[in-house]
Amino acid sequence: MKFDYHMHFEYGDYNVDWVQGFFDSAAKRGLSEIGISEHTHTFPEFEKFYYDDLVLDDSEVGKFQKVWLKTNKFKHTLQDYFDFLTELQKNHAVKIGIEVCNFKNQTATKKILDAWDFDYRIGSVHFLWGWGFDASKLLAEWNNHSLRDIYAEYAAEIERLCACGNFEIIGHPFNVRLFNFLPDFDATEFYERAASAMKKFNLAVDVNTGTKYRYPVKEISPCADFMKIAASYNLPITINSDAHQPEDCGRFCDEAIEYVRQFGYKKILQFNKRDRKFVELG
């Protein structure tokens, strides 16, 4: 079976005309079901966490992020989201997920999340030291950090996301490769730290094709070095497109299936109300 549990409606709106393209792409690519995992920055319930955690000073990072927070953010409530997806479920095989940033206060985050009946919750590292490292407008900030420190901080953030108990999936692990800042050192210790935490707290790997078609690195995340370690820990997987446009739903899914089979994977997770089961891959 083939699923795609990581995609976003935020570039359009909550209307049937916009989202139908996602379902059309899913059918074209043979997906059995899809799941929407809207970013927390869609919802005003999480707005405070961004203002608490992000660099918002007069630095280049701060100035950019202040504008980013005012652009297409916090426009739908969680009630809006559930109402819309529940209506879609009458005619489509669609699960209700969410992608949550690595906020410092995961206890307060949990109170919000637990009030809603999600099928799965993805925890993703989107910020390091309050810097949105995946923003192409902030490439200069990479020069202010050693890549080893970035990997160490990234691994620590994954460990923290795993330990908080809020999530079923870690989103696109080690996507710090996305702009081709590739380590010239052995990153095994950082991969091991992340995989060990995911194993201890029973989290799945988001095998994500978004970095292949949306970023300069043009590879599926996680990279092969991490996937070898993930397989050695028997970490379960999902395979997802990170689609932000309808035509990208399920994009490179078949290639990702062949990719994970290199590491011995034969099954994929299916989620329902935060319960999971293994099904045959492909």
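What counts, and at which threshold
- Residues numbered from 1 in each chain as written.
- Predicted model: local features only at pLDDT ≥ 70, side-chain atom pairs only at ≥ 80, totals over all residues.
- Heavy atoms only, no water.
- Helix = DSSP H or I, 4+ residues; strand = E, 2+ residues; numbered from the N terminus.
- Rg over C-alpha atoms; globule rule 2.2 N^0.38 Å.
- Buried < 20%, exposed > 50% of the residue type's maximum accessible area, 1.4 Å probe, protein only.
- Contact = heavy atoms within 4.5 Å.
- Areas by Shrake-Rupley, 256 points an atom, 1.4 Å probe, with all protein chains shown as cover.
- Lys, Arg positive; Asp, Glu negative; His and termini not counted.
- Charge placed at Lys NZ, Arg CZ, Asp CG, Glu CD.
- Pairing = 2+ DSSP bridges.
- Axes fitted to C-alpha atoms, helices over the stretch in contact; angles between N-to-C directions.
- Arc of directions from axis to C-beta.
- Phe/Tyr/Trp six-rings, centres within 6.5 Å; stacked < 30°, edge-to-face > 60°.
- Lys NZ or Arg CZ within 6 Å of the ring centre and 35° of its normal.
- Core = buried A, V, L, I, M, F, W, Y, C linked by side-chain atoms within 4.5 Å.
- Salt bridge = Lys/Arg side-chain N within 4 Å of Asp/Glu carboxyl O.

When helices and strands are counted, the protein chain shows 10 helices and nine strands. Expected size for 282 residues packed as a compact globule is a radius of gyration near 19 Å; at 18 Å, the protein chain falls within 12% of this value. Each principal axis of the C-alpha distribution contributes one length, and for the protein chain these read about 50 × 45 × 35 Å. In the protein chain, which comprises 282 residues, the proportion classed as buried is 57%. Taking the intrachain contacts of the protein chain between residues at least 6 apart in sequence as the baseline, contacts between residues at least 24 apart amount to 75%. Total accessible area on the protein chain is roughly 11800 Å²; 49% of this is exposed by carbon and sulfur atoms. Across the protein chain, the 34 positively charged side chains and the 43 negatively charged ones have centroids separated by 3 Å.

The next subject is the sheet that holds strand 3 (residues 94-101). Ordered in space as 1-2-3-4-5-6-7, the seven strands form an open sheet in which the pairing is parallel. The open sheet is flanked by strand 1 (3-4) and strand 7 (237-240), the only strands paired with a single partner. Relative to strand 3, strand 2 (residues 33-39) is paired through six bridges, and the arrangement is parallel. Of the residues in strand 3, the one forming a bridge with Ser37 is Gly97. On the sheet, helix 4 (residues 78-88) packs against strand 2 and strand 3 and is oriented at approximately 155° with respect to strand 3.

Among the residues of helix 3 (residues 60-68), those classed as buried are Val61, Gly62 and Gln65. Viewed end-on, helix 3 has its buried residues packed into an arc of 95°, placing them on one side of the element. Exposed and facing more than 90 degrees away from the buried side of helix 3 are Glu60 and Val67.

Attention now goes to the packing of aromatic side chains. The geometry of two aromatic rings is summed up by the distance between their centres and the angle between their planes. With the rule as written, the count across this model stands at 38 aromatic pairs. Ring geometry for Phe49 against Phe103: centres 5.1 Å apart, planes inclined by 35°, an arrangement best described as tilted. With Phe49 in helix 2 (residues 47-53) and Phe103 in the loop between strand 3 and helix 5 (106-113), the pair connects residues that are 54 residues apart, well separated along the chain. Both residues of the pair, Phe49 and Phe103, count as buried. When the centroid spacing of 5.1 Å and the interplanar angle of 70° are considered together, the rings of Phe82 and Phe118 count as edge-to-face. On the criterion of sequence distance, the pair formed by Phe82 in helix 4 and Phe118 in the loop between helix 5 and strand 4 (120-124) is long-range, its members being 36 residues apart. In this structure, Phe82 and Phe118 share a single accessibility class: buried. If you follow Lys73 out to its NZ or CZ, it ends over the ring of Trp68, 4.2 Å from the centre. The ring of Phe185 is capped by Arg148, whose NZ or CZ atom sits 4.5 Å from the centre of that ring.

Before going further, it helps to spend a moment on the nonpolar core. By size, the foremost hydrophobic cluster in this structure holds 99 residues, and its most contacted members are Phe9, Ile34, Phe46, Tyr81, Phe174, Phe226 and Ile239. Top contributing element to this core by residue count: helix 6 (residues 147-163), with eight residues. If we ignore the near neighbours within four places in the chain, the residues touching Phe46 are Thr40, Phe74, Leu78, Ile98, Phe103, Thr109, Ile112 and Leu113.

Another aspect to go through is the pattern of salt bridges. What the rule picks out here adds up to 19 salt bridges. For Glu157, the salt bridge goes to Arg160, with nearest N and O atoms at 2.8 Å. Of the two residues, Glu157 and Arg160 both sit in helix 6, three residues apart, roughly one turn of that helix. The class of Arg160 is partly exposed, set by a relative accessible area of 28%. Glu219 is the salt-bridge partner of Arg177, the closest N and O atoms lying 2.5 Å from each other. One end of the pair, Arg177, is in the loop between strand 5 (169-170) and helix 7 (188-200); the other, Glu219, is in the loop between helix 8 (210-213) and helix 9 (224-232), with 42 residues separating them in the sequence.

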